Every structure is written in C-alpha cells, then in structure tokens.
Amino acid sequence: MAHVGVPRGTARKRRSVALLATGVLTLPVLAGCTSDSEGPTPVAVPQDIAPASRDRVADGSTLTWAIDAVPATLNAYQADADSATTRITGALLPSLFPLDARGEPKLNPDYLESAKVIEQEPKQVVLYKLNQQAVWSDGREIGAPDFVAQWRALSGKDSAFWTARNAGYERIEKIERGKDDLQVRVTFSKPYADWRSLFSPLYPKEVTGSPGTFNDGARATLKNTAGPFRLRSVNKDKGTVVLDRNPRWWGNEAKLESLVFRAVEPKDRTDALTAGTVDVADIDATTANGIALAARYRGGNGGPPAHGPGADITPAAALRSWALAHGSDEEAAEAAQLAREKNREAVAVYAAEQKSLQGFVVRKSLEPAYTQLAMNGESGALSDDRVRRAIARTLDRQELADAVLKPLGLPAKPPGSHLALAGQPAYKDGSGALGDQDTKEAQALLADAGWTVGGAVRRTEDTKAGSEAEKKASGEATDKASAKATDKASGKATDKASAKATDKASEKAAEKEEKGEKEEDDKASREEGTYIVGDDKPGDGPAGTGVTAQDKGPAGAYAPAGTPAPAPASVKARIGKGGKPLTLRFVLPSGPGSQPLRTVGQKIVEMLDAIGISTQITKVDDESYFKDHIASGDYDMALYSWPATAYPATDGRPIFSKPEPATDGSLLVEQNYTRVGSDHIDQLFDRAVSELDANASRDLLKQADARIWAAAGSIPLYQRPQLVAVDKKLANIGAFGFAAPRYEDIGFTGRQAAGSPANRKK
C-alpha cells in the first residue's frame with residue numbers, strides 16, 4: 001500500500017567527493033556511543049503469514065494480489081521503480097541474498113552454492129559459485145556474462161544507461177569468469193562491506209547489455225526471467241500484471257498456477273475485498289476494523305443485526321412499525337411499508353458485504369520502516385541545533401507511538417536508531433545521545449539560543465516628554481477613547497445580536513464536535529488549510545480571555561505617555577526573540593490515507609504549544625507532499641517515513657550526508673531532506689562501508705547513529721504498522737515484516753478448485 005513519504009524507488013546515488021576536516025559534535029553525551037557486549041535485540045513483532053508446510057498447500061488455483069498501480073517500469077534500477085516493481089520482480093528474477101525474518105541477508109540456495117570473500121589483500125575478491133541448475137526462461141544458464149553486463153550498466157561510467165543508483169557497483173574493478181561460467185570472480189578497487197547487496201535482482205544480459213534495452217526494454221515486459229513464475233502479460237488498461245508458473249524453474253514448483261497483481265487504489269480496498277476481486281491487500285486501520293467488525297456480525301436469526309442498518313431498531317420500534325404497516329390508515333401504512341422494505345434491502349446488502357468480509361483475516365506486524373519528525377535545518381530558527389534538540393526533547397515519543405500502534409494491538413516502543421530496526425544486527429538504541437523527554441532541559445536549550453518566554457513581546461525605547469512619539473501615542477489614545485465611547489453608545493443595540501450569534505456559533509461547534517473527528521479529516525482531505533496554534537488575538541475569545549485584568553492594570557490608572565500597550569497573555573506565553581515569536585511551519589498531507597500522520601502531527605503541535613512554540617499547520621495534497629515540499633525544502637517540520645535496509649552503510653549515507661553547496665548557491669542534499677549533517681558522520685559512514693569485519697562495521701554505524709541523534713535533524717517516532725487483509729484459506733502470505741516472500745510456497749490450504757477464488761460472489 002502506498003504511503004505518503006519517500007518512495008522505495010527513490011534514487012540512492014552516492015557521492016564521491018573529498019571529505020572536509022573532521023567536524024565532531026562537541027556533546028558530552030556522545031561518550032557512550034562505542035561498542036558494547038549486549039546481545040541482539042529481538043524483533044519487536046514476528047511476521048504474521050500463517051506458515052504451513054508445502055504438503056498442506058493445494059496445487060493449482062490463482063491468487064489476486066492488490067497493488068497501488070501497474071508499475072511504470074519493471075526495471076528495479078530506474079528512478080520510477082516503486083514497491084509494485086519490487087513485489088513483481090521478486091517472483092520473476094534472481095535475488096542472491098533475500099532478507100530473513102530478522103532483516104539479515106541470507107544466501108539463496110536456489111541461485112548460489114556459495115558466495116564469500118576469498119581475498120582481502122591486496123584487494124577484496126568475492127567468488128560466487130552459481131547453482132548448476134539455475135537457468136533463464138529461454139534455457140540459457142545464469143552465468144558470468146550476466147554479472148558483467150549488470151556491472152557495466154550500473155557502474156556509472158556510461159551515462160547512456162539511465163540508472164537511479166550505482167552504490168557498490170562503482171567500487172568494482174573487474175569481473176572475471178572462474179573455472180567456468182558458473183563461477184564469477186569479482187574484484188573491488190576499494191573494500192566494500194555491503195557486497196551482498198549487489199546483483200539482486202539480477203537481470204539477464206539481454207536487458208543490461210546495452211543502453212537501449214536497459215532504458216526501454218524492461219519497462220513494460222521481461223522476456224527472460226529466472227524465478228518460480230514468468231511474466232505472462234501486463235495490461236495497463238485492465239490494471240493487471242499476470243504471472244504463471246515457470247516451466248523451467250528448477251526449485252520447488254510454485255503451488256499457485258498463476259499470480260495476478262491487480263491495481264486497486266488504497267481508498268478502494270474495502271470495496272475490492274467485499275466484491276471478492278482480490279485475495280490479498282495491504283489495508284489501513286479503518287478497513288482492518290471493518291473486517292474485525294464483520295467477524296462479529298450476526299443477522300437473520302429473528303433479532304436485530306449486531307451492527308449496521310437495522311441494528312438500532314428496538315423490539316418496541318419494530319412492533320410499532322409493523323402496526324403502522326398493517327393499520328387502517330392507508331397513507332401511514334403505505335409509508336411504513338415503504339420504509340420497512342428499504343430497511344430490509346439495506347440490511348440484506350449490508351449482510352452480504354459482511355459475509356464477504358468474514359472470509360478475510362487481518363494479518364499484522366510492523367513494517368520494516370519508521371516514521372520520523374523531520375526538521376529542516378537549512379535556515380531560520382531550526383538551523384540552530386539547540387532549537388532542534390529542544391523540540392526533540394519536548395516530544396513524548398512514547399505517547400506518539402501509542403497513538404498509532406496501541407489501537408491496532410501492536411507494541412509501541414519508539415525506534416532507538418535511524419539506521420536499523422529492532423531485531424537487526426546493526427540495531428542499538430542510540431537515543432541517549434540526544435536525551436530523554438525533559439521539558440525543563442528543552443526550555444534551557446531554547447533560552448541558551450536566545451528564545452525566551454516573553455521574548456515575542458515588542459519593546460520600544462523610552463521617549464522624552466513632548467516628543468513626536470508621545471504626541472502620536474496621545475493622539476492614538478484619544479482616537480481609541482472616542483471610538484470606545486461610540487462603541488458603548490451602540491453596544492446595547494448590538495449586545496443581543498452578538499449574544500445570539502455567539503449562541504448559534506456555540507451550537508454549531510457542539511454539533512461539529514458530536515459528529516467527531518472523521519468529518520474534520522474528510523474536510524481536510526478535500527481542501528488545503530492553515531491553522532496557527534497560539535495565534536489568539538484580543539477579543540477573539542469569550543469574556544474572561546485575551547487581555548487579563550493584570551495586563552490592563554488598575555481601573556482608572558493611566559500609564560505614562562509613550563509606554564507601549566501591554567501584550568496579550570497569549571503573546572506573553574509564547575517564546576520569542578527580539579519581539580518575534582518562534583513560529584514553525586508544519587506541513588502535513590491532507591489525504592484520507594494520511595490520517596495517522598495528522599493524528600501524530602496534532603499531538604506534536606500540542607506538545608510544542610505547551611512550551612510556547614507556535615506551530616502553523618499547512619495541509620497539502622498527498623501527490624505534492626513529498627516532491628513539492630519535502631524534497632524541495634518547503635517546510636520547517638514534516639512527517640515522513642524511511643524504509644529499513646540490511647545495508648545501512650550504503651543506503652544510510654545519502655540520507656544523512658552533509659549537504660554541499662552547488663555552484664548556483666543551492667544545496668546538494670542527495671536524500672538528506674533535513675539539510676542537517678556533519679563531516680564526522682560522513683567519515684563514519686565511509687569507514688563502515690569499507691570495513692570488512694562485520695562487527696567493526698556495525699560499531700562504526702552505531703557511532704554514526706549517535707551523532708545523527710545529537711544533530712536532531714530527524715527524530716524517529718514509531719515503526720509503521722503493517723496490516724494485510726488475506727483470504728482465510730491462504731497460507732505463507734500476509735504481513736511479512738522484514739522477510740522476502742517465498743512465492744513458490746504461497747497457496748490455499750485444503751482443496752481449492754482451479755480458477756480464481758477472488759470472485760466469491762460468482
């Protein structure tokens with residue numbers, strides 16, 4: 001299911017520039033970022049896929065799997081590749097080191113007999129020994145020519161290849177054939193710790209051998225594949241990608257006869273499940289609750305249904321309706337009969353929908369991705385690390401995680417790392433480098449940066465008697481007094497009207513509150529809006545708010561001429577500097593699928609408001625949220641997600657690398673959309689990616705993560721929930737967590753007739 005934020009297909013190009021002098025964050029809390037002897041952290045939530053042995057899974061049948069859209073390309077190395085590209089190519093192409101349930105890459109015996117570093121000096125050499133049975137769908141064996149062609153296409157040396165990333169491939173010096181084509185010897189010009197990330201997926205040389213076939217040949221079709229399935233068709237008009245069994249597959253035969261990926265927008269998933277047109281779909285919390293509700297639905301037993309149409313009809317109301325329908329008043333009887341018929345129809349339709357949803361179960365885990373609060377440190381108040389750290393230490397991350405995950409029955413421990421998630425070998429909680437939530441410490445950091453309570457009040461210089469400023473102030477006071485007298489004369493005439501308007505406004509506000517948050521979210525998804533917390537103006541609130549009696553001074557007393565008017569209480573509570581309040585622009589997506597982000601965003605606003613920081617919320621369309629705001633830097637604060645990776649030394653570098661100035665004065669940020677980084681963080685990444693000792697490399701990454709925490713450009717808040725609606729009869733599929741699907745093992749348990757079960761209404 002698509003998520004607002006950084007797409008998985010985002011380019012991850014690495015830069016190759018000389019590092020500047022080391023810039024270490026001078027924070028004493030970083031002393032604890034060295035290696036330790038703690039054991040591995042367990043995975044927060046195991047995968048939920050209804051595992052079953054292959055002998056319990058029926059042969060044949062078709063499974064229909066919902067995707068957001070037919071992918072623009074089937075070439076995973078192009079910039080517009082997305083999660084659908086990854087999902088589909090996973091069933092078609094070799095993956096040499098798929099991830100296991102802990103997020104670790106494991107050798108895939110279907111393609112490799114072995115793969116290991118056989119030399120470190122003078123240069124790193126990796127020897128791949130390929131499975132002798134591994135062949136492409138045209139019968140040609142997978143071999144060294146495929147590795148060579150992919151290296152040349154992705155090395156970055158030939159700009160004719162339109163590639164989105166070349167990480168790791170640019171470090172390869174040469175690729176040689178071993179004793180035969182089934183042995184591939186890869187020599188690196190520089191050590192590369194993440195060598196297992198290379199050649200997955202592996203494309204045939206017919207795709208990667210020339211710029212023409214690479215750029216265009218694999219966008220809409222893949223003629224040569226080497227997975228348990230092969231590509232039968234791509235139909236963008238129908239929104240389907242159809243795979244069937246690969247007759248040349250040498251591994252365990254796929255249990256499914258065919259696998260259909262159907263484009264279904266997230267907002268239409270409930271309807272698709274109800275209609276029986278899909279068997280598997282990533283869903284949101286609303287749809288998950290609907291499936292849980294359907295499981296409790298009972299109707300047709302003479303009593304009222306458990307929920308839905310007719311559920312609120314009491315026995316007395318039902319009897320009264322029957323009496324009216326069969327009474328002597330023909331007009332009333334006709335109306336009652338019509339109402340009863342409409343209710344019966346609504347109940348029947350709803351019951352059918354509930355019966356369809358009862359065939360599904362929600363399988364849930366935590367997605368290998370985390371949502372963060374990003375703070376744009378390019379300019380303004382957030383360019384000061386003390387302000388960023390103050391905001392971070394104001395947040396109650398546990399409360400924010402609870403708001404998203406607890407209602408789903410999922411554990412809600414905030415992530416402690418930017419570079420790994422709980423369960424992965426590189427994971428260590430480095431949040432101590434920033435510090436725990438502490439309002440007093442946050443206020444002290446703000447004060448140290450010059451942002452103080454009352455600092456938003458504009459102060460004027462004292463003026464001498466008879467000065468122009470005094471005369472101007474006196475004139476303004478006279479004008480205000482005159483206006484006040486006029487207002488008082490007309491006040492009696494308007495008091496009643498004003499009170500009436502106030503009552504109406506209060507009634508409308510109460511009605512809106514009773515309708516609940518859903519109506520507000522629906523409205524937010526239809527239009528953009530802006531709301532400024534703490535932007536109260538004197539006179540806007542009811543009596544007793546705004547300027548207090550203390551602010552006004554004793555009745556009948558007058559301040560000396562030239563004394564500035566006292567600031568409203570709301571302004572006095574704001575923190576500011578030089579008469580300007582600290583106001584931050586918080587950009588959030590407005591679409592219906594982004595409700596969790598808005599919920600978390602509102603809680604963050606309330607937390608910041610408590611220490612006097614004003615927050616301006618701007619809601620924008622989901623489609624423009626990332627491209628026009630996050631990537632372009634048009635925000636102060638924002639919420640978006642990063643996927644986890646088994647290779648943080650490679651994939652984490654462009655996300656947290658220090659931005660560099662371009663010749664035109666702009667910043668080259670790669671994927672560091674917070675614009676916060678340091679030379680020392682970059683150097684730690686460079687050392688980690690070149691360190692072939694796995695434990696030493698992980699220690700370097702943990703040190704880098706501690707410094708990323710201390711820089712406070714991005715604050716991980718919670719691991720994303722993963723909710724998948726699955727036909728109850730399906731096995732080995734659902735919420736995979738870290739692990740890659742084993743497509744050949746997916747299928748229906750028990751007897752399942754051939755043909756698509758995703759059409760229950762037939």
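Residues numbered from 1 in each chain as written. Predicted model: local features only at pLDDT ≥ 70, side-chain atom pairs only at ≥ 80, totals over all residues. Heavy atoms only, no water.

**Observations regarding the overall build of the chain**
Threshold: Every helix listed is a DSSP run of H or I at least four residues long, and every strand listed is a run of E at least two residues long, numbered separately from the N terminus. Residue exposure (1.4 Å probe, protein chains only): buried if accessible area is under 20% of the type maximum, exposed if over 50%, otherwise partly exposed. Residue contacts follow a heavy-atom distance rule, with two residues in contact if any of their heavy atoms lie within 4.5 Å.
Scanning the chain for helices and strands turns up 21 helices and 22 strands. Scored against the burial criterion, the 762 residues of the chain give a buried share of 46%. Pairs at least 24 apart in sequence give 74% of the contacts found in the chain among residues at least 6 apart.

**A few points about helix α17 (residues 622-630)**
Think of an α-helix as 3.6 residues a turn; residues three or four steps apart then line up on the same face. Taken residue by residue, α17 has S624, Y625, F626, H629 and I630 as its buried positions. Among the structural elements, β15 (583-589), β16 (614-620) and β17 (637-643) are those in contact with the buried residues of α17.

**Considerations on the environment of Y647**
Tracing the chain through its elements places Y647 in the loop between β17 and α18 (648-651). Along the backbone, Y647 and A420 are 227 residues apart, and their C-alpha atoms lie at a distance of 9.0 Å. If we ignore the near neighbours within four places in the chain, the residues touching Y647 are F97, P105, D194, R196, S197 and G652.

**Looking at helix α20 (residues 679-689)**
Counting buried residues along α20, nine of its eleven residues qualify, which places the element largely inside the surrounding structure. Residues of α20 that are buried include every one of D679, H680, I681, D682, Q683, L684, F685, A688 and V689, and no others.

**A short note on empty space enclosed by the protein**
Heads up, the rule is: Put simply, the grid is 1 Å and covers the protein atoms alone, a cavity is a trapped set of points that fit a 1.4 Å probe, a pocket is an open set with protein on both sides within 12 Å along at least five of seven lines, and lining residues have an atom within 4 Å of a point. Grid points are joined across faces, edges and corners, and a volume is the space filled by probe spheres set on the points. Classification convention: Asp, Glu, Lys, Arg as charged; Ala, Val, Leu, Ile, Met, Phe, Trp, Tyr, Cys, Pro as nonpolar; all other residues, Gly among them, as polar.
One pass over the structure, following the stated rule, counts six cavities of 30 Å³ or more. Those elements that provide at least two residues to the lining of the largest cavity are β17, α18 and α19 (653-656). Looking at the lining of the largest cavity residue by residue, the classes come out as ten nonpolar, four polar and two charged. Every residue lining the second largest cavity is listed: F656, N672, T674, V676, G677, I681, I708, A711, G713 and S714. Grouping the constituent residues of the lining of the second largest cavity by class yields five nonpolar, five polar and no charged.

**What about unusual backbone geometry?**
Cis geometry is adopted by the peptide bond preceding P122, which originates at E121 and carries an omega value of 0 degrees. Position of P122 among the secondary structure elements: in the loop between β2 (112-119) and β3 (125-130). With an omega of 0 degrees, the peptide bond running from S200 to P201 counts as cis. As for its placement among the helices and strands, P201 is situated in the loop between β5 (183-188) and α3 (205-208). Positive phi outside glycine occurs at S61, with the angle close to 80 degrees. You can see S61 is positioned in the segment before β1 (62-67). Although it is not a glycine, R675 adopts a positive phi angle of roughly 60 degrees.

**Quick word on the environment of F214**
Within the secondary structure, F214 sits in helix α4 (residues 211-217). Exposure remark for F214: the relative accessible area of 1% places this residue in the buried category. Not counting residues within four places of it along the chain, the set of residues in contact with F214 comprises N75, Y77, Q78, A153, L154, F161, W162, T163, V207 and T208.

**Considering the pattern of salt bridges**
Where charged atoms from two side chains of opposite charge come close, those side chains can pair. Formally: For this document, the term salt bridge refers to a Lys or Arg side-chain nitrogen within 4 Å of an Asp or Glu carboxyl oxygen.
A full pass over the atoms with the stated rule returns 30 salt bridges. With a closest N to O distance of 2.9 Å, R102 and E104 form a salt bridge. On the basis of relative accessible area, R102 is assigned to the partly exposed category, the value being 28%. For E104, a relative accessible area of 19% gives the class buried. We note a salt bridge from R742 to E744, for which the minimum N-O separation is 2.9 Å. In this structure E744 comes out as buried when scored by relative accessible area, which is 5%.

**Here we look at the side chain of D651**
The line we're drawing: For the purposes of these results, a polar contact is taken to be a pair of N or O atoms within 3.5 Å, where, inside protein, one atom must be able to donate a hydrogen and its partner to accept one; residues adjacent in sequence count only when each atom of the pair is a side-chain atom.
Locating D651 in the fold gives a position in helix α18. Owing to a relative accessible area of 14%, D651 belongs among the buried residues under this scheme. At a separation of 2.6 Å, a polar atom in the side chain of D651 contacts the side chain of T645.

**Some details on the packing of α20 against helix α21 (residues 694-711)**
Under the convention used in this document: Here an axis means a line fitted to C-alpha atoms, over the contact stretch when the element is a helix, while the angle between two N-to-C directions is reported on a 0 to 180 degree scale. Note on angle classes: values under 35 degrees are labelled roughly parallel, values over 145 roughly antiparallel, values of 65 to 115 roughly perpendicular, and the remainder oblique. Crossing handedness follows the turn of the near helix against the far one: under a right angle anticlockwise gives a left-handed crossing, and clockwise gives a right-handed one.
Contact geometry of α20 with α21 gives a least axis separation of 8 Å together with a crossing angle of 165 degrees. When the axes of α20 and α21 are compared, the pair comes out roughly antiparallel. Once α20 is placed against α21, the crossing between them reads as left-handed. Residues H680, I681, L684, F685, R687 and A688 of α20 form the contact with α21, whose own contacting residues are S697, L700, L701, Q703, A704, R707 and I708. Residues of the contact of α20 with α21, tallied by class, amount to eight nonpolar, three polar and two charged.

**Comments concerning the sheet that holds strand β13 (residues 575-577)**
Picture the strands of a sheet paired through backbone hydrogen bonds; they go either parallel or antiparallel. Stated formally: Pairs of strands are assigned from DSSP output, requiring at least two bridges between the strands.
Taken in spatial order, the three strands make up an open sheet running β11-β13-β14, and their pairing is antiparallel. At either margin of the open sheet sits one strand with a lone partner, and together these are β11 (452-453) and β14 (580-581). Pairing geometry for β13 and β14, over two bridges, is antiparallel. By the bridge assignment, K577 is partnered in β14 with K580.

**Some thoughts on the sheet that holds β2**
A sheet is described by the order of its strands in space; here four strands give the open sequence β2-β3-β5-β4, paired in antiparallel fashion. What marks the edges here is a single partner per strand, and that holds for β2 and β4 (172-177). Across the sheet, the mean angle separating the axes of adjacent strands is 15 degrees when strand polarity is ignored. Sheet topology note: the β2/β3 ladder contains six bridges and is antiparallel. For L112, the partnering residue across the bridge sits in β3 and is L130.

**Re the pairing of β1**
With respect to burial, β1 is a largely interior element, six of its six residues being buried. Sheet analysis places β1 next to strand β8 (residues 258-263), joined by six bridges and oriented parallel. Pairing of I67 across the sheet is with A263, part of β8.

**A word on the pairing of β17**
A regular strand places its side chains so that they alternate between the two faces of the sheet. Buried residues dominate β17, accounting for seven of its seven residues. Taking every second residue as pointing to the same face, both faces of β17 are buried, with M637, L639, S641 and P643 on one and A638, Y640 and W642 on the other. Bridge analysis of strand β10 (residues 360-375) against β17 gives seven bridges, and the strand direction is antiparallel. Bridging across to β17, M375 finds its partner in M637.

**A look at the packing of aromatic side chains**
Rules: Any two rings among Phe, Tyr and Trp, with Trp reduced to its six-membered ring, count as a pair given centres within 6.5 Å; such a pair is stacked if its planes are under 30 degrees apart, edge-to-face if over 60, and tilted if neither.
Considering all chains together, one arrives at 17 aromatic pairs under this definition. Centre to centre, the rings of Y128 and W195 are 6.2 Å apart; their planes meet at 80 degrees, and the pair counts as edge-to-face. In this pair, Y128 is assigned in strand β3 and W195 in the loop between β5 and α3, connecting sequence segments 67 residues apart. The interplanar angle of 90 degrees and the centroid separation of 6.1 Å between the aromatic rings of Y128 and F199 together place this pair among those described as edge-to-face. Note that Y128 is positioned in strand β3 and F199 in the loop between β5 and α3, a separation of 71 residues in sequence. In terms of burial, Y128 and F199 fall into one category: buried. Three or more aromatic residues joined by ring pairs form one cluster here, namely F97, Y128, F147, Y169, W195 and F199.

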